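Here are the chains, one letter per residue:
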Amino acid sequence: MAAPPLLQEIITVNGMKTTYREAMRAALREALQGDERVFLMGEDVGRYGGCYAVSQGLLQEFGEARIRDTPLSESAFVGAGIGAALGGMRPIVEVMTVNFSLLCLDQIVNTAATLRHMSGGQFSVPIVLRMTTGAGRQLAAQHSHSLECWYAHVPGLRVIAPATLEDMRGMLRLALKDPDPVIIFEHNALYNREGELAEDVRIEDIRRAAVRRPGSDVSLICYGGNLFKALEAAEQLALNGIDAEVIDLRSLRPLDDATILASARKTRRAVMVDEGWRSGSLAAEIGMRIAEQAFYDLDAPLSRVCTAEVPIPYPRHLEQAALPQVENIVDKVREVMGKND
Amino acid sequence: MAAPPLLQEIITVNGMKTTYREAMRAALREALQGDERVFLMGEDVGRYGGCYAVSQGLLQEFGEARIRDTPLSESAFVGAGIGAALGGMRPIVEVMTVNFSLLCLDQIVNTAATLRHMSGGQFSVPIVLRMTTGAGRQLAAQHSHSLECWYAHVPGLRVIAPATLEDMRGMLRLALKDPDPVIIFEHNALYNREGELAEDVRIEDIRRAAVRRPGSDVSLICYGGNLFKALEAAEQLALNGIDAEVIDLRSLRPLDDATILASARKTRRAVMVDEGWRSGSLAAEIGMRIAEQAFYDLDAPLSRVCTAEVPIPYPRHLEQAALPQVENIVDKVREVMGKND
Amino acid sequence: MNGRPSQVSREQGLRWLKDMTRVRRMEEKCAELYGQEKIRGFLHLYIGEEAVAAGAMAELGEEDAVVATYREHGHALLRGISMNAIMAEMYGKREGCSRGRGGSMHLFDAETRFYGGNAIVSGGLPLAIGLALADKMQKRPRITACFFGEGAVAEGEFHESLNLAVLWQLPVLFVCENNLYAMGTALARSESVTDIHQKAAAYGIDSAAVDGMDVISVNTAVRDAVKKIRAEEAPAFLEMRTYRFRAHSMFDPELYRSKEEVEQWKQLCPVATLTAQLMAQKVIDGGDIADIENAVAEEIRKAVDFAEAGNWEPVEDLMKDVYTDSN
Amino acid sequence: MNGRPSQVSREQGLRWLKDMTRVRRMEEKCAELYGQEKIRGFLHLYIGEEAVAAGAMAELGEEDAVVATYREHGHALLRGISMNAIMAEMYGKREGCSRGRGGSMHLFDAETRFYGGNAIVSGGLPLAIGLALADKMQKRPRITACFFGEGAVAEGEFHESLNLAVLWQLPVLFVCENNLYAMGTALARSESVTDIHQKAAAYGIDSAAVDGMDVISVNTAVRDAVKKIRAEEAPAFLEMRTYRFRAHSMFDPELYRSKEEVEQWKQLCPVATLTAQLMAQKVIDGGDIADIENAVAEEIRKAVDFAEAGNWEPVEDLMKDVYTDSN
Ligand SMILES: Cc1ncc(C[n+]2csc(CCOP(=O)(O)OP(=O)(O)O)c2C)c(N)n1
Ligand SMILES: Cc1ncc(C[n+]2csc(CCOP(=O)(O)OP(=O)(O)O)c2C)c(N)n1
Ligand SMILES: [Mg+2]
Ligand SMILES: [Mg+2]
C-alpha cells in the first residue's frame, strides 16, 4: 500500500484573527462537514461544549449522533472508536486530557497500535485521538501530566503536536486522511492564544518537523506548548549574540531525523526542551539519536530542559519551578555555549 | 525522614542449586513468614500456583487470606494493594505480566506515585508490585511488551529488575523494607534458568547498579533478561581482543549515574542493550545521560541494541529478528570500536 | 431501614445546622477568593449537597477512614480537618493540610484518616477497598466510607471495586452522591439504568436510595448502614439523591441545564429545610441561627487570616517527599 | 424465548454434528502438533465448548461481524475461515489467516468479518461496541457477535461496554462462555453474583442463561436473540453454561479442579449428546458419523499439509504493515 496520499494541504481561510481554540473548532467543523463518516465522541464534547470549550456549538450544528457525549468510560469509548474506525467510520475521539488516557492505554496500545500488523495488514484503524496535555494551570499532580513520550514509544501509532496556529487549524485534516491511528496532543496553554491566519494556510506533511527560527549557534528542539518559550529564549539569546535555531518537531512519532540531524550538524550543539519529566523523556530520545548519528559533528555536550521529577504541585511558585522556563532554556544554552560564569 | 534503613542484606541459604523461579518463591515464603503484614495478591497466585508457577504451594502454606486470588480486575486489586499499604499492610501485588498493567496504570501513576508528595509527606505507600516482562516465548503482539521504561519515567516509583539469581532471591526483601512503591520486573525467560546460590547471598542496595564483568574497551549497559546476552557477547568479543565491561543496572529508577558514568568514562564507549522498543527506550535515557555528563570522555558515538519497532510477531524467526541478539550486540560493539568492515 | 424520625433533639439539630452552615459559608468564601485569584486551579463547590457530608460524617468514628473526590471540601471540614488547614491548602500555603501541594482537589489528613481528595473520577474506590481489606486482615473493627459522584458509576473501577467489596466482604460504606450531572452529562446520558442503588444491588450489596437534600434522612440511612456493616462485616451502598447548586467548577457556562431546574432544586436547600423544620418545631429560634452564623463568620475570618498569614513552601523543598529518602 | 425443539431436521443435525466434529478434531490435532513443537506460544483449546460456536455461528449472516478471544479456533473455523488458513496461522506461516503473525490467539479474517482473536481479557468488548456503532450510524442492518469468557465479567471494560451498548441501543449480541473457570479461578471466587445473565440484566439488557453443552438450546437462544436485536435495534446477552475439558492452556497443571468434576462434565460432551439424540431419533445412523469423521480427517490432513507446505514470511518483511505506508 502507498503512503497517505495527501502529504500537504492548503486551506483557504481568507485570513483572520483567531485563537487556537477557534482554529481547532474550525478544523473539527470542516471535518464534520466534509465527510459523513467523521464524528466526534468523548466526555462532555456536546452539551457542555468540551471541557476547554473547543467543541462549543458543534452539537447544535451536527446533532447528537455525530457529536456524541459519552459516559465516564474511557476504555470503552476509546475502544468503541477503534471499532467504529474498523467499521468504516472516521471517528475523532476526544480523551479530555492525557491524564485520563491512563484508563484507556490498553485499547490504544494493544488494539489500535497492533491490529494492522497483527492481522497481516487486513485491518487498519483510521482513528484520530485528541487529548489536551501539559501543566501550568495549577491543577496539581493528577491533572498535569505530559506523557507524549509514552505514546511516541509505541509502533503503530502516529503522534503529532500542533504548536502553531496553522498546525492547530490544519493538522486534523491530514490526520483524518491517515489510514492509521493518529494521536493529537493539544497543549492546554495554547487554546486562548491569539494569532493571524494567512489567506491560505499551508499544512506540511505531519511527519515532518519545521524550522521555526533559523540559527547557526545552537539547535533548540521542542514541540507543542514549549515552542513559544523556545522562541522567546532565542530572542533573548540573540541579544547576547547567540543565534539559536528553533526546531518544532510537530511529529513526535515518527521523529523527523533528517530535519533534527541537519540542524544539529549545522549548529553543532543541541538543547532539547520538553515538558515531560526528565528521565525517559522524549528529549532523551532526540538527544540519543543525535549522539548516535551526529556525534562527530558536535562541539558540546547534548543538553535538555525538562520538567523536574516530581508530581506537579499546586502552588504557582512550585509548579513554575518544576516546569521548563525561558530562563532555564537561556541558561542551559549559555552553558552549552560555554558562556556561563 | 531517613533513607530506607537497610541498604544491604545478607541472606544465609547454605548454598544450593536452584532456579530463578524457586529463588523468587523462597523470597516470597521468607517474606510471608517474616512479617504478618505481608500478603500476596493477584490473578491465579493461589490455586493455580501463579501463571509461571512461582507461587506454587504458598496457598497451602499460608492460606487464602494471605495468598489471595483476585478476579480479573487489575485496576481494582492494584488500587486495593495501594489502599492496604496505606492501611498498614505490606502487600505484594502480582500483576501477571506487564502487558496487563496497562489496565492499572492510573492507580500506579496517579495514586501510588503521587500520594506521598501530594499529601505533603503524610502518607507513604509501601507496596511491592511484581510483573513479568519481556518477549521470546512466541506469545505475539499483546503478550510480549517490555514497558519498564514507562514506569522508570514516573517520579514516586522505584523500579528494579533482578538479572542474577542472587538478586531474584534477595531484592524482594529490600523492596519490602522500602517505604515507597517498588515495582519488580521479572523477565519471563529467567524463571527456568538454574544456578548455584552461595552460602550467604549478599544483596546490595537496590538503588545501585553492578559491574558484572569488568572491562576496559567498551561498556555494555543492560538489565534483567538481557544480562546474559550481554555477557555472552562480551565473551565472544574477548576472542576478538575487545574487552567489554558489562553493567547490570538492577535499578531502573533511580538510575545509578555514578556507576554508569564511571564505566563510560573508563571505557570511553557505551552500547546500551534494552529489550524495549528503540524510540523512547530506557537505552535512550542512559545514552542521553552519558552524552550530557561524559561527552568529552567519549571516543565514539553512543549506540544501542533495542527491539525493532514492531508489534512482536508470533513466528519464532520474526520474533527473534525483532529482539536484541548476541550477534547484534557483538556487531554493534565492533562498529563502535571501528572494527567493522 | 427505619423511617426518618420526625423529631430531632435540639443538640442534634443545632449540630447539623452548624455543620452545613460551616460548609456553605466556607465555600461561598472560597468562590469569592477564587475571584480574587487567592485560590487557583480547579475549584469544585459542594453547595447544595451539604446534607450528605453532614448526615454521614456524624456516624463515623475516629478510627474509621474517609475517601472522597475533588469535590471534598465539605467532607474534609466535617471529618474534622480545621478550616484553617483547609483554607491554607486552598491558598497553597505550607500550613495547609497537604502542605499546600494538593490544593482544593487534594485535601489530606492522616490524623482524621482522611485519604483525599482524588481528581481521577472513580480513582478512590479501589483505595477504599484496600483500606477496608487492611482493617479486615488486621481484625480492626473499622469502616471506610467512600464518597463519589454518580458519574463514577460508569467507570470500570466502580464495577471492579463493588465486586471486590462484596466478594471479600469488606467493611466499606459506598456513598454515591447522585447530583444528576457529571460535568454537563445528565445521568440519563451516562447510565442505561438510572436507578443507581439498583445497579449496586446487582452485586449483592445492601443498597438504598436516600433523599440527599434532607440531613435527617441521610443520617438515618447512614446510621443503619454503618450498624449493618459493623454487625455483618459486609459492605453497604447508599445512593444520595442531591443536586449541586453551583457550576461544576469555576469554568462552567452551565449550558446543559435550565435556570428553572436549578431554581426548583434550590427550593430544597438542605440548610433552609432543616432550619424551617427546627423553627416550626420550636426546637430552635432566630437567635440560634444568628449565633451559628456569627460563629461561622468568625471561624471563616480566622481561617482566611490564617491562610493569608501562611508561608509559601520554599522552592528548595520542591523535591521533598517524592520519596521517603528524598528529604 | 421459545422452548428447545425436541426434533431437528437431518440436514440441520448433520451440519451441527459436522461443525462440532471439525472443531473437536482440529483442536485435538493442534494439541498433537503442539507436542511436536509445530505450534508454539500459547494454545487455548475450546474442546467441550463446541456447541456454543456451532449453535451461534449458524444464526449469523455474512454481513455480521464476530469478535472473539484467544480461545477462538472454533469460532474462526465455524465463521468460515478455511481450516487451511487457520492451521497455517497456527504454524506461523505466511499463508495463515493473519499472515502468520498472530498465531493461535490472533486469528483474523476481513472477508468473513472476523475481528479476532484478542489476548487481553475483555479487550474485545469495546471493539464490538464500536463495530455496532458504525453499523448503526451507517444504517446497516448488521449485528456484531461478541464472545468472551466469564472471567471477563470482572473487568471494568465489561461494565463500561454493556452500559454503552444499552445506552446507545447498539446491535450487539454478547455471548458469555461461562465455563466456570478463569484459568484456575472458579467463578465463585471471581464474582460476588455468579448468575452472570442476572448481572447483565442489571444494565437493562435482554439476557438469558442457556445450556451451552446442547447445540440445539444454544441455537434456539441465539436465533431468538438475533431476531430481537434486528427487530428492536437493541443488544442482547446470552450466558452459555459450558465447560472446558482440557487445561486452560498447555502450561496448566490443573491444580484447581478435580478429575471427578471434569469427568462429570465430559458426560455432557456436546458432540456425544447430539449424536445420541440424532441416533435415537433415527435421524442419522452410524454411516453418517463415519462419513463425517472421514471427511473431517481428510480436511485436517489437507490443512496440515497446507501448513507444512507453507512459507515463512521473509525477515525483510518484518516491518511491513506496522503502518499502511511502511510497505
Ligand atoms: C477518569 C476521569 N475522567 C474525566 C475526568 C474529568 N471530570 C472531572 S469531574 C467530572 C464529572 C464527574 O461527575 P460525578 O462523578 O457525578 O461527580 P460530581 O462532579 O457531579 O460531584 C469529569 C468528567 C476526571 N477527572 N477523571
Ligand atoms: C487483562 C488480562 N488479564 C489477565 C490475562 C491472563 N489470562 C489469560 S486467559 C485468563 C482467564 C480468562 O478466563 P475467561 O475469561 O473465563 O475465559 P476462558 O479462558 O475460561 O475461556 C487470564 C487470567 C489476560 N490475558 N488479560
Ligand atoms: Mg454528579
Ligand atoms: Mg472461563
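The structure we're discussing is the one just above.
J.: Lay out the coordination of the magnesium ion (ligand 3) with the relevant residues and their values.
T.: All names here are of chain C. The protein atoms that coordinate the magnesium ion (ligand 3) are Glu150 (OE), Asn179 (OD1) and Tyr181 (O), at distances of 2.0 to 2.2 Å. Site description for the magnesium ion (ligand 3): donor spacing in sequence, E-x28-N-x1-Y. Note that Glu150 is positioned in the loop between β2 (144–149) and α6 (156–167) and Asn179 in the loop between β3 (172–178) and β4 (181–182), a separation of 29 residues in sequence. In this pair, the class of Glu150 matches that of Asn179, namely buried.

J.: Could you give an account of the site of ligand 1, naming the residues involved and the relevant values?
T.: In the region of ligand 1, 22 residues are neighbours, and Glu74 of chain A together with Tyr70, Arg71, Ala119 and Asn179 of chain C sit closest. More than one chain reaches ligand 1: its neighbouring residues belong to chains A and C. Separating an oxygen atom of ligand 1 from a backbone N or O atom of Ala152 of chain C is a distance of 3.3 Å. About the coverage of ligand 1: the protein hides 97% of its 580 Å² of free accessible area. A class-by-class count of the residues in the shell around ligand 1 yields twelve nonpolar, five polar and five charged.

J.: Summarise the packing of helix α10 (residues 282–293) of chain A against helix α10 (residues 282–293) of chain B; cite the residues concerned and give the values.
T.: One way to put it is that α10 of chain A packs onto α10 of chain B with a least axis distance of 8 Å and a crossing angle of 65°. Classified by the angle their axes make, α10 of chain A and α10 of chain B are roughly perpendicular. The chirality of how α10 of chain A crosses α10 of chain B is left-handed. Between α10 of chain A and α10 of chain B, the residues in contact are Ala283, Ala284, Glu285, Gly287, Met288 and Ala291 of chain A and Ala283, Ala284, Glu285, Gly287, Met288 and Ala291 of chain B, respectively. For the contact of α10 of chain A with α10 of chain B, the class distribution of residues is eight nonpolar, two polar and two charged.

J.: How would you sum up the relation of the copies chain B and chain A? Please name residues and give values.
T.: Once chain B has been moved 0.0 Å along the axis and rotated by 180°, it coincides with chain A to within an RMSD of 0.0 Å. The transformation just described matches what one would write down for a two-fold rotation axis. A shared binding surface is used by both copies, with 100% of the interface residues of chain B retained as interface residues in chain A.

J.: I'd like to hear about the sheet that holds strand β3 (residues 172–178) of chain D, residue by residue, with values.
T.: Residues and elements named next belong to chain D. Taken in spatial order, the five strands of this open sheet run β1-β2-β3-β7-β6, and their pairing is parallel. Looking along the sheet, the strands with just one partner apiece sit at the ends: β1 (65–67) and β6 (206–211). Averaged over all pairs of adjacent strands, the angle between their axes in this sheet comes to 20°, without regard to strand direction. Direction of pairing for β3 relative to strand β7 (residues 236–241): parallel, over a ladder of six bridges. Across the sheet, residue Val175 finds its bridge partner in β7, namely Leu238. Those strands touched by helix α2 (residues 50–57) are β1, β2 (144–149), β3 and β7, and its axis lies near 175° from that of β2. Lying over the sheet, helix α6 (residues 156–167) contacts β2, β3 and β7, oriented at roughly 150° with respect to β3.

Thresholds applied
- Residues numbered from 1 in each chain as written.
- Chains lettered and ligands numbered in written order.
- Predicted model: local features only at pLDDT ≥ 70, side-chain atom pairs only at ≥ 80, totals over all residues.
- Heavy atoms only, no water.
- Donors = N, O, S within 2.8 Å, 3.2 Å for Na, K, Ca; no water.
- Helix = DSSP H or I, 4+ residues; strand = E, 2+ residues; numbered from the N terminus.
- Buried < 20%, exposed > 50% of the residue type's maximum accessible area, 1.4 Å probe, protein only.
- Near = heavy atom within 4 Å.
- Polar contact = N/O pair within 3.5 Å; in protein donor to acceptor, adjacent residues only side chain to side chain.
- Areas by Shrake-Rupley, 256 points an atom, 1.4 Å probe, with all protein chains shown as cover.
- Nonpolar A, V, L, I, M, F, W, Y, C, P; charged D, E, K, R; others polar.
- Axes fitted to C-alpha atoms, helices over the stretch in contact; angles between N-to-C directions.
- Parallel < 35°, antiparallel > 145°, perpendicular 65-115°, else oblique.
- Left-handed = near helix turned anticlockwise from the far one by under 90°.
- Contact = heavy atoms within 4.5 Å.
- Least-squares fit on C-alpha atoms with pLDDT ≥ 70 in both.
- Pairing = 2+ DSSP bridges.

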